[in-house]
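Chain residues, written in single-letter form:
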Amino acid sequence: MTTRAATAFGLLDLLRDSWFLIAFIGGVIYWAARQDFSITELERVDSRITALENRTTILETGIGQIQIKIDDIKEDLNLIKGAVIK
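No experiment lies behind these values; they were computed from the predicted model shown.

Describing the overall build of the protein chain
Scanning the protein chain for helices and strands turns up two helices and zero strands. Taken across its 86 residues, the protein chain has 0% of its residues classed as buried. Total accessible area on the protein chain stands at roughly 8200 Å², and carbon and sulfur atoms take up 68% of it. Taking the average place of the 10 positive charges on the side chains of the protein chain and the average place of its 12 negative ones, the gap between the two points comes to 6 Å.

In structure tokens:
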């Protein structure tokens, strides 16, 4: 049994002496897991940005059409105003 106890204490001493290495490896694993999560998050954000860009394009097209209609109405009003003044 003394051999087992010596082996167990030797293993504990090894772990105690290499705590920095264990913490570093744990940190690397944590960082890698966060990066994997970040890639998923970036894909989700990218799809949301694409959807917003599409909606913005649709709104800009609609605003452009409304601006053309407003310009036509202004032109018609100027023609009516000119006809009434004469």
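Back to the write-up after that little detour.
A few points about the packing of aromatic side chains
If you walk through the whole model with that rule in mind, you get one aromatic pair. With a centroid separation of 5.9 Å and 90° between ring planes, the pair formed by Trp19 and Phe20 is classed as edge-to-face. Across the pair, Phe20 and Trp19 agree in class, each one exposed.

Some thoughts on the environment of Glu60
Relative to the elements of secondary structure, Glu60 occurs in helix α2 (residues 19-85). For the pair formed by Glu60 and Val84, sequence separation is 24 residues and the distance between their alpha carbons is 36 Å.

Here we look at the pattern of salt bridges
Once their charged atoms are close, side chains differing in charge can pair, the charge on each being opposite to the other. Evaluated as defined, the whole model comprises two salt bridges. A salt bridge links Asp13 to Arg16, with the nearest nitrogen and oxygen atoms 3.0 Å apart. Within this pair, Asp13 and its partner Arg16 are both found in helix α1 (residues 2-17), separated by three residues, close to a single helical turn. Residue Asp13 is classed as partly exposed on the basis of its relative accessible area, which comes to 35%.

Focus on a nonpolar patch on the surface
Taken together, the side chains of Trp19, Phe20, Leu21, Phe24, Ile25, Val28 and Ile29 define a hydrophobic patch exposed on the protein surface, amounting to about 790 Å² of accessible area. Note that Phe24 resides in helix α2.

Quick look at a negative patch on the surface
A surface patch of like charges, here negative, comprises Asp71, Asp72, Glu75 and Asp76. With respect to the helices, strands and loops of the structure, Glu75 is situated in helix α2.

Concerning the environment of Ala51
Note that Ala51 resides in helix α2. With 17 residues separating them along the chain, Ala51 and Arg34 place their C-alpha atoms 26 Å apart.

Reading guide: rules and limits
- Residues numbered from 1 in each chain as written.
- Predicted model: local features only at pLDDT ≥ 70, side-chain atom pairs only at ≥ 80, totals over all residues.
- Heavy atoms only, no water.
- Helix = DSSP H or I, 4+ residues; strand = E, 2+ residues; numbered from the N terminus.
- Buried < 20%, exposed > 50% of the residue type's maximum accessible area, 1.4 Å probe, protein only.
- Areas by Shrake-Rupley, 256 points an atom, 1.4 Å probe, with all protein chains shown as cover.
- Lys, Arg positive; Asp, Glu negative; His and termini not counted.
- Charge placed at Lys NZ, Arg CZ, Asp CG, Glu CD.
- Phe/Tyr/Trp six-rings, centres within 6.5 Å; stacked < 30°, edge-to-face > 60°.
- Salt bridge = Lys/Arg side-chain N within 4 Å of Asp/Glu carboxyl O.
- Patch = residues over 30% accessible without salt bridge, like charges linked within 9 Å, V, L, I, M, F, W, Y side chains within 5 Å.

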